[in-house]
Amino acid sequence: MAKKQATPGSKRRATRAGEKGPGRNPIGRRSRLWRARRPLFGLAIIGIFVITGAAYLFTQVPLPDKDPQLLQTSFFCASEVTAGCAESNSIAQLSGGVDRINVNYEDLPPTLIQAVLAAEDRTFYDHGAVDPAGIVRALWTNFRDGGVSQGGSTITQQYVKNVYLTQERTVTRKIKEAALAVKVERELSKQEILTRYLNTIYFGRGAYGVEAASLAYFKKNVQELTLPECAYLAGLIRAPETADAQLPPNDPKASSNRATALQRRNSVLKAMVVTGAISQEQFDATSQLGWDNVVVRSSRNNFGRVANPEWGTEYFVDYVRQWLVTKGGFTDAQVYGGGLRVYTTLDLDDQQAAADAVTSTLDLPGDPASSLVSIDDGGAVRAMIGGLDFNGKGPYSKLNLAVGTEGGGAGRQAGSAFKMFTLAEALNQGIGLSKSYNSPARLTIPKADAGKDWSVGNYADAGLGTLDLVSATMRSSNTAFAQLMIDVGPENVAALARQMGISSDLKAVPSLTLGTSEVSVLDMASGYSTIADDGEHIAPSVVTKVTDAKGTVLYENKPVRKRVLEPDVAKSVGWTLNQVVEGGTATGAKISQPAAGKTGTTENYRDAWFVGFTCKLTTAVWVGHPDGSFMKSVHGISVTGGSLPSTIWQKYMTRATQGLASCPFTRPADQYFRGTATSSSTTLFDSSSTSSTSSTSLPTSSSSSSSSSSTSSSTSSSTSSTTSTTRKP
């Protein structure tokens with residue numbers, strides 16, 4: 001058979017198939033290198049800069065001769081102080097105390113060393129000053145756990161950061177930290193580094209170092225510590241103030257702190273099992289022990305000289321302290337002894353006006369408590385009344401009524417004040433303000449509440465006839481808003497409320513529109529401020545900036561505006577709420593400026609609200625007993641949102657809005673009355689079917705009877721197939 005002659009194309013195919021071609025590979029390699037010459041050159045330049053910079057820092061950064069004084073008082077200043085915050089112009093001073101006792105390495109019990117190493121740096125004796133493998137391991141663990149459960153810094157780095165460096169959050173500081181850590185490890189032994197570390201870290205209760213901590217928590221020397229005590233102290237290192245297992249009985253954070261303490265201690269014990277320091281049997285015997293061996297913390301006030309405590313200032317200061325160590329990212333050691341200068345948003349004139357409004361209204365023995373939060377149009381909290389007797393002996397004296405779970409409480413039901421979010425979602429969906437509903441005294445919607453019939457009643461069982469959304473809001477009709485809630489969907493209302501500023505857990509059930517979920521006063525002010533800010537939500541802030549003692553800025557608040565509602569939708573909601581003040585359930589809240597808002601009252605008069613705003617200031621007022629007692633006879637009346645809360649709001653806002661710009665609430669364009677939804681003027685019932693005593697059921701075939709997939713509200717009756725809800729205006 002004749003041999004087939006090769007062609008140029010077949011040669012190229014053979015080369016691509018892997019057959020060798022003369023000079024093919026060298027040319028290809030050179031071509032690839034030539035194409036990549038610019039990126040490679042750039043990387044080389046960057047590498048040179050990094051190596052040179054690191055070399056400079058490692059050779060030029062000096063190691064201080066001795067440990068500096070760690071303990072410096074932190075100062076908190078009100079909003080009028082924008083620079084130079086100091087003792088003379090501060091509203092509070094925070095210091096952990098001066099308890100500090102050094103011990104030698106020989107004094108440290110081996111169990112304590114094993115516990116600390118298991119919790120903070122398991123391979124301390126095996127790696128250098130910086131542990132790249134530990135950083136990768138920590139990143140992976142935190143990613144897997146969905147939070148920050150493990151740090152990447154070695155004990156040497158932690159020691160250097162706490163003793164030699166400022167707390168500024170910059171790349172340069174991290175490089176300096178690494179450089180100094182290397183120098184420390186060259187000059188000091190591992191034992192000396194560990195001893196210094198354990199003598200300088202902050203354990204809470206004003207205790208610096210393990211000996212002071214042992215005395216503060218157990219009234220014993222460090223040599224006498226047992227396994228559970230060592231594990232507990234090791235678990236405190238990360239954030240001691242949130243894991244103090246024995247707070248005073250009247251401290252609202254006692255329960256949550258104890259739960260955190262148990263989690264921290266057991267986390268350390270588990271780590272000790274992994275490292276082989278203890279057996280599984282020892283873990284099982286220790287992990288469920290109680291806290292009787294921990295000394296109850298003294299209830300002393302560490303806020304120093306507090307400006308005007310009679311105005312409730314301490315509750316605000318305590319909330320700022322808590323914010324610093326949780327959301328602010330500062331350590332307990334920084335807050336209690338780092339010499340911070342904390343510039344807050346508190347306006348002392350507004351705070352006094354708030355306190356005066358509360359005390360002049362609730363002025364009789366046995367009166368309920370009140371909380372007030374006021375937020376300006378930039379998101380700054382200008383006034384906060386969480387209580388008025390922070391250092392009292394009562395069971396609720398330390399409870400900050402303004403901030404819900406963050407203040408140690410559980411939040412309160414919002415009542416009809418929550419209807420604003422349903423109205424906003426309706427307009428957001430294109431439902432017009434002229435949308436009408438029949439508003440009988442009582443209404444049953446079949447299968448609306450997780451398959452159960454939902455029975456809703458108006459305040460005082462009043463039949464209100466046919467109402468459009470403006471009138472339904474002005475008169476706070478429960479039966480009209482129940483139908484609107486079914487039309488717009490509970491899930492949609494809950495989602496919008498979260499976007500507008502409600503941070504608590506909301507149950508997406510039909511009764512949510514009547515305020516059956518628990519919320520905080522701060523959250524309600526934040527949510528309504530979104531309407532005041534024309535549909536933009538700004539997260540509320542209590543701190544404008546934080547500096548160290550030398551003035552270096554460590555944190556600066558930069559408000560972020562997030563568009564939640566279109567401006568015209570928000571303005572339409574605002575105008576409707578203005579009608580509530582002008583001629584609805586909140587006429588007692590009228591001030592000299594145009595104002596808008598909504599009242600709310602919960603079952604059996606447990607909670608009463610008024611939340612309202614001008615274009616510059618939003619204020620939420622809650623009145624109630626901390627223990628949930630009924631308010632059926634206060635100053636001779638049953639307390640509703642239109643009574644005492646509106647009075648407090650009116651007194652406060654009259655003073656707080658002086659000098660602030662006034663803005664009218666303009667009637668919306670016709671399209672926001674007509675709406676863009678397919679049906680915007682349907683009534684579910686004929687007006688002839690309602691009267692002051694009427695009770696109506698929706699037919700199962702009605703479009704408004706669509707079943708909710710959400711679980712039934714915990715506040716609804718579950719004794720039969722029908723749940724019943726009645727809310728006051």
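Everything here concerns the structure above.
Each value, and the rule that gives it
Residues numbered from 1 in each chain as written. Predicted model: local features only at pLDDT ≥ 70, side-chain atom pairs only at ≥ 80, totals over all residues. Heavy atoms only, no water. Helix = DSSP H or I, 4+ residues; strand = E, 2+ residues; numbered from the N terminus. Buried < 20%, exposed > 50% of the residue type's maximum accessible area, 1.4 Å probe, protein only. Contact = heavy atoms within 4.5 Å. 1 Å grid on protein atoms, 1.4 Å probe; cavity = no way out; pocket = protein on both sides within 12 Å on 5 of 7 lines; lining within 4 Å. Points joined across faces, edges and corners; volume = space filled by probe spheres on them. Nonpolar A, V, L, I, M, F, W, Y, C, P; charged D, E, K, R; others polar. Pairing = 2+ DSSP bridges. Axes fitted to C-alpha atoms, helices over the stretch in contact; angles between N-to-C directions. Disulfide = S-S within 2.5 Å. Core = buried A, V, L, I, M, F, W, Y, C linked by side-chain atoms within 4.5 Å. Phe/Tyr/Trp six-rings, centres within 6.5 Å; stacked < 30°, edge-to-face > 60°. Lys NZ or Arg CZ within 6 Å of the ring centre and 35° of its normal. Parallel < 35°, antiparallel > 145°, perpendicular 65-115°, else oblique. Left-handed = near helix turned anticlockwise from the far one by under 90°.

This part covers the overall build of the chain. Regarding its fold elements, the chain presents 23 helices and 22 strands. Counting over 729 residues, the chain shows a buried share of 54%. Of the contacts formed within the chain by residues at least 6 apart in sequence, a portion of 72% connects residues at least 24 apart.

This brings us to helix α16 (residues 419–428). Counted residue by residue, α16 has nine buried out of ten residues, so it is predominantly covered. For α16, the full list of buried residues reads K419, M420, F421, T422, L423, A424, E425, A426 and L427. Looking one or two places after α16, you find G430, whose phi comes out positive at around 95 degrees.

Turning our attention to the layout of surface pockets. Of the voids in this model, the second largest pocket is the one considered here, and its volume is about 610 Å³. Among the elements of the structure, α13 (313–325), β13 (518–519), α20 (521–532) and β14 (536–538) are those that each provide at least two residues to the lining of the second largest pocket. It is α20 that provides the largest number of residues to the lining of the second largest pocket, a total of three residues. When grouped by side-chain class, the residues that make up the lining of the second largest pocket number 16 nonpolar, 13 polar and six charged.

Attention shifts here to the sheet that holds strand β7 (residues 381–385). Strand pairing in a sheet relies on backbone hydrogen bonds. The paired strands run either parallel or antiparallel. On the basis of which strands lie adjacent, the open sheet formed by five strands has the order β7-β6-β20-β19-β18 and antiparallel pairing. Edge strands, defined here as strands with exactly one partner in the open sheet, are β7 and β18 (596–601). Each strand axis lies, on average, 5 degrees off the axis of its neighbour in the sheet, ignoring direction. Both strand β6 (residues 369–376) and strand β20 (residues 617–624) contribute to a ladder of eight bridges, which runs antiparallel. Following the sheet pairing, I375 is matched in β20 by T618. On the sheet, helix α15 (residues 348–361) packs against β6 and β7 and is oriented at approximately 30 degrees with respect to β7.

Our next topic: unusual backbone geometry. Here K447, not a glycine, exhibits a phi torsion of approximately 55 degrees, which is positive. By the secondary structure assignment, K447 is in strand β10 (residues 442–449). In this model, D461 sits at a positive phi of 50 degrees, which is unusual for a non-glycine residue.

Inspection of the entire model under this criterion finds two disulfides. The residue that forms a disulfide with C77 is C85, at a sulfur-sulfur distance of 2.1 Å. Where C77 bonds to C85 through sulfur, the torsion about that S-S bond is close to 95 degrees, and the disulfide is right-handed. Like C77, the residue C85 is buried in the burial classification. Regarding the disulfides, the chain carries the connectivity 1-2, 3-4 under sequence-order numbering of its bonded cysteines.

Formed by 126 residues in total, the largest nonpolar core has its most connected members in F76, L324, V373, F418, F421, M524 and Y652. With sequence-adjacent residues up to four places away left out, F421 is seen in contact with V493, L496, A497, M500, I502, M524 and G527. By size, the runner-up hydrophobic cluster in this structure holds 52 residues, among which are L194, Y217, C230 and A271.

Let's shift gears to the packing of aromatic side chains. Note on aromatic pairs: each is described by the distance of the centres and the angle between the planes. Taken as a whole and judged by the stated rule, the model has 16 aromatic pairs. Judged by centre distance (5.9 Å) and plane angle (35 degrees), the ring pair of F303 and F390 falls under tilted. Taken together, the positions of F303 in the loop between α12 (280–286) and α13 and F390 in the loop between β7 and β8 (412–413) put the pair 87 residues apart, joining distant regions of the chain. For the cation-ring pair, K398 lies above F390, with the distance from its terminal atom to the ring centre recorded as 4.9 Å.

Before going further, it helps to examine the packing of helix α9 (residues 210–218) against helix α10 (residues 227–236). In a pair of packed helices, the angle between the axes and the distance between the axes together describe the arrangement. Their axes nearest at 11 Å, the elements α9 and α10 cross at an angle of 115 degrees. Compared by their axis directions, α9 and α10 come out roughly perpendicular. Of the two elements, α9 crosses α10, and the hand of that crossing is right-handed. Residue-level contacts link A213, S214, Y217 and F218 of α9 to E229, Y232, L233 and L236 of α10.

Our focus in this paragraph is the sheet that holds strand β1 (residues 74–77). Pairing is mixed in the open sheet, where five strands are placed in the order β2-β1-β5-β15-β16. Each end of this open sheet is capped by a strand with a single partner; those strands are β2 (92–94) and β16 (553–556). Geometrically, the sheet is characterised by an average inter-axis angle of 15 degrees between neighbouring strands, direction not taken into account.

Take the pairing of strand β11 (residues 452–457) next. In this sheet, β11 lies alongside β10 in antiparallel orientation, the contact comprising five bridges. Across the sheet, I445 pairs through a bridge with W454, a residue of β11. The hairpin formed by β10 and β11 contains two residues between the paired strands, and A450 there has a positive phi angle of roughly 55 degrees.

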